[in-house]
Amino acid sequence: MNHARKISLPSSAEAPPVMGMQLNPALLNLLQWPLTHSPVSVAEPSVVETINARIKQGGVVSQNGEPVEFPFDAALRNENNTWLIPVRGGIITLVADQLVSTRYLSE
């Protein structure tokens, strides 16, 4: 028995850009922060540029303590603007261990 259900997302809604891809607002409303299940929002391109510069310099680690080696194509952030979810190759990484602290933006 197949319990999968199709979710229809409106195609006419204005979607915020995520580094060359469009993220449907309905999808954004469905996504939740992995740890708190709170809403997420799209990080500004300047945030992605800054975190990528820090990654290139080295020293950025994910929540699980592993070094972050690959730049983000885009990012989602939590409502407190303290953590980032990486988006690479159009894939949103909703895994708590892969979250990156925004403290690296000001170091």
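Heads up: the structure comes first, above all this text.
The numbers attached to residues start from 1 for each chain and follow its sequence in the written order. Note on the predicted model: pLDDT of at least 70 is required for a residue's local features to be given, and 80 or more for side-chain atom pairs to be given and counted; whole-chain, interface and lining totals, by contrast, use all residues. Calculated side-chain values reflect all of the structure's heavy atoms, with hydrogen atoms and water omitted.

A.B. asks: Any chance you could break down the environment of Pro34 for me, citing the residues and the numbers?
C.D. replies: Positionally, Pro34 belongs in the loop between α1 (25–30) and β3 (40–42). Three labels apply to residues, based on accessible area from a 1.4 Å probe with only protein chains included: buried if under 20% of the type maximum, exposed if over 50%, partly exposed otherwise in between. Taking the relative accessible area as the measure of exposure, Pro34 reaches 22% and is therefore partly exposed. Each C-alpha atom of the pair Pro34 and Ile85 lies 9.3 Å from the other, and the pair is 51 residues apart in sequence. Every residue in contact with Pro34, bar those within four places of it in the chain, is listed here: Ile85, Leu94, Val95, Ala96 and Leu99. The helix count covers DSSP runs of H or I at least four residues long, the strand count covers runs of E at least two residues long, and both are numbered beginning at the N terminus. Contacts are residue-level and defined by heavy atoms, with any inter-residue pair within 4.5 Å sufficient.

A.B. asks: Give a detailed account of the pairing of strand β4 (residues 74–78), specifying residues and quantitative values.
C.D. replies: Most of β4 is tucked away: five of the five residues are buried. Sheet topology note: the β3/β4 ladder contains three bridges and is antiparallel. By the bridge assignment, Ser41 is partnered in β4 with Arg77. At least two DSSP bridges between two strands are required for those strands to pair. In terms of strand pairing, β4 meets strand β5 (residues 83–88) through four bridges, oriented antiparallel. Along β5, the bridge assignment pairs Leu76 with Ile85. Following β4, the chain reverses through four residues before pairing antiparallel with β5; Asn81 in that reversal takes a positive phi of roughly 60°.

A.B. asks: Report on the environment of Pro71, specifying residues and quantitative values.
C.D. replies: Here Pro71 shows up in the loop between α2 (45–57) and β4. Distance in space between the C-alpha atoms of Pro71 and Pro86 is 8.5 Å, their sequence separation being 15 residues. Every residue in contact with Pro71, bar those within four places of it in the chain, is listed here: Asn52, Ile55 and Arg88.

A.B. asks: Give me the lowdown on unusual backbone geometry, citing residues and values where you can.
C.D. replies: The phi angle at His37 is positive, at roughly 60°, despite the residue not being glycine. A relative accessible area of 52% places His37 in the exposed class. Not every positive phi belongs to a glycine, and Asn81 is a case in point at roughly 60°. Mapped onto the elements, Asn81 comes out in the loop between β4 and β5.

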